[in-house]
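An overview of the molecular structure
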Amino acid sequence: MSMTADELAKRQAIIDACRRMNALGINQGTSGNISVRHADGLLVTPTSVPYEAMSPDQIVLMAMDGSHAPDQKPSSEWRFHRDILKSRPDVNAVVHAHPTYCTVLAIMGMEIPPVHYMIAAAGGDSIRCAPYATFGTAELSEHAVRALEGRLACLLDHHGMIAIGKTLDKAMWLAVEVETLARQYHGCLQIGQPPLLSSDEIERVRQRMAGYGLSED
Ligand SMILES: C[C@H](O)[C@@H](O)[C@@H](O)C(=O)COP(=O)(O)O
């Protein structure tokens, strides 16, 4: 398989990010998948390959019509990766994981409200929870794209979380922030119903955050 240095670097960056997801504790086992925009299509992780054993040649190069080399097996979630990248020209990377606290809230069908100003990093005053649909289906993809409208992250009912970004580093950074928010919200709920920040305040923070570190810009 011949490829440019740029493509090889993107493939390796995807694998490094997958391993980091598990090392950071925001994912486990072979759950989760990652994609990055490349040329007119995307590079996406293969299905059910342990991240420690994943090699750059196993990353699947996919066209926007879903086609790929016949000997390659893309992630079972390639549809939402493709559909998000297709519908969001502002986004170049998609990170899907099964972080524990995000998934606990998602199982309960709960979205994350503005309990902490860092929610602004996800693009607005809530992190929505997309309705449940079977993994890998076009229905799940439609729900995810809708839940991500005007946002950079969403929960997936009875499933997990998606974080997206202009770069893979930004999407990974946001994935950790979203799991932290989920943990904080879960902690608050042990005490009672937490007071929330106003939508105006979240919008103020969002504007102040523009260009801050790895957040939205
Ligand atoms: C069954 C899978 O775990 C599915 O839930 C998917 O969402 C996932 O996280 C990993 O699937 P792939 O290995 O197919 O990327």
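This structure is a prediction, so every number in the text was calculated from the model and none was measured.

Parameters and conventions
Residues numbered from 1 in each chain as written. Predicted model: local features only at pLDDT ≥ 70, side-chain atom pairs only at ≥ 80, totals over all residues. UniProt positions renumbered as here; feature names shortened; annotations may be inferred. Helix = DSSP H or I, 4+ residues; strand = E, 2+ residues; numbered from the N terminus. Near = placed C-beta within 6 Å. Nonpolar A, V, L, I, M, F, W, Y, C, P; charged D, E, K, R; others polar. Pairing = 2+ DSSP bridges. pLDDT = per-residue confidence, 0-100. Core = buried A, V, L, I, M, F, W, Y, C linked by C-beta atoms within 7 Å. Buried ≥ 20, exposed ≤ 12 C-beta atoms within 10 Å, placed from the backbone. Contact = placed C-beta atoms within 7 Å. Axes fitted to C-alpha atoms, helices over the stretch in contact; angles between N-to-C directions. Parallel < 35°, antiparallel > 145°, perpendicular 65-115°, else oblique. Left-handed = near helix turned anticlockwise from the far one by under 90°.

Description of the UniProt feature "domain: Class II aldolase/adducin N-terminal" (unreviewed entry) in the protein
Within this numbering scheme, the UniProt entry marks residues 12–186 as carrying the feature "domain: Class II aldolase/adducin N-terminal" (unreviewed entry). Annotation note: span residues 12–186, helix share 34%, strand share 18%, distance between end C-alpha atoms 34 Å.

Here's the deal with the site of the ligand
All residues adjacent to the ligand are Thr 30, Ser 31, Gly 32, Asn 33, Thr 45, Thr 47, Ser 48, Ser 75, Ser 76, Glu 77 and Phe 135. Each residue belonging to the shell around the ligand can be placed in one class, and the counts come to one nonpolar, nine polar and one charged.

Points about the pairing of strand 2 (residues 41–44)
Regular strands have side chains that alternate between both faces of the sheet. When strand 1 (residues 33–38) meets strand 2, the two strands line up antiparallel, connected through four bridges. By the bridge assignment, Arg 37 is partnered in strand 2 with Leu 42. With antiparallel pairing between neighbouring strands as the criterion, strand 1 and strand 2 make up a hairpin whose turn holds two residues, including Ala 39 at a positive phi of roughly 50°.

Structural notes on the confidence of the model for the protein
Taken residue by residue, the protein gives an average pLDDT of 96. The fraction at 70 or more is 98%. Mean pLDDT per element in the protein: helix 6 (residues 199–209) is the minimum at 96, and strand 6 (residues 153–156) is the maximum at 99. At the level of chain-chain contacts, confidence expressed as ipTM amounts to 0.95, with global pTM at 0.97.

A word on the nonpolar core
Core analysis: the biggest nonpolar cluster contains 60 residues, and Cys 154, Ala 163 and Val 178 have the highest contact counts within it. Not counting residues within four places of it along the chain, the set of residues in contact with Cys 154 comprises Ile 127, Arg 128, Cys 129, Ala 130, Ala 144, Ala 147, Leu 148 and Ile 162.

Notes on the sheet that holds strand 4 (residues 93–97)
Here we have seven strands laid out as an open sheet, ordered 3-2-1-4-7-6-5, and mixed in their pairing. For this open sheet the edge positions go to strand 3 (60–63) and strand 5 (129–130), each flanked by a neighbour on one side alone. Pairing analysis gives four bridges linking strand 1 to strand 4, with the strands arranged antiparallel. Bridged to Ser 35 within strand 4 is Val 94. Across the face of the sheet, helix 5 (residues 168–191) comes into contact with strand 1, strand 4, strand 6 and strand 7 (160–165) while running at roughly 145° to strand 7.

Here's the deal with helix 2 (residues 78–87)
In terms of burial, helix 2 is a largely internal element, eight of the ten residues being buried. Among the residues making up helix 2, those that are buried are Trp 78, Arg 79, Phe 80, His 81, Arg 82, Asp 83, Ile 84 and Leu 85. Of the surrounding secondary structure, the elements contacted by the buried residues of helix 2 are strand 1, strand 2, strand 3, strand 4, helix 4 (138–147) and strand 7.

Observations concerning the packing of helix 3 (residues 100–107) against helix 5
Running from N to C, helix 3 and helix 5 point in directions that differ by 60°, and their axes come no closer than 7 Å. Comparing the axis directions of helix 3 and helix 5 gives the class oblique. Here helix 3 and helix 5 pass one another in a crossing that is left-handed. Every residue of helix 5 that contacts helix 3 at Tyr 101, Cys 102, Val 104 and Leu 105 is listed here: Val 178, Glu 179, Ala 182, Arg 183, Tyr 185 and His 186. Across the contact of helix 3 with helix 5, the residue classes break down as seven nonpolar, one polar and two charged.

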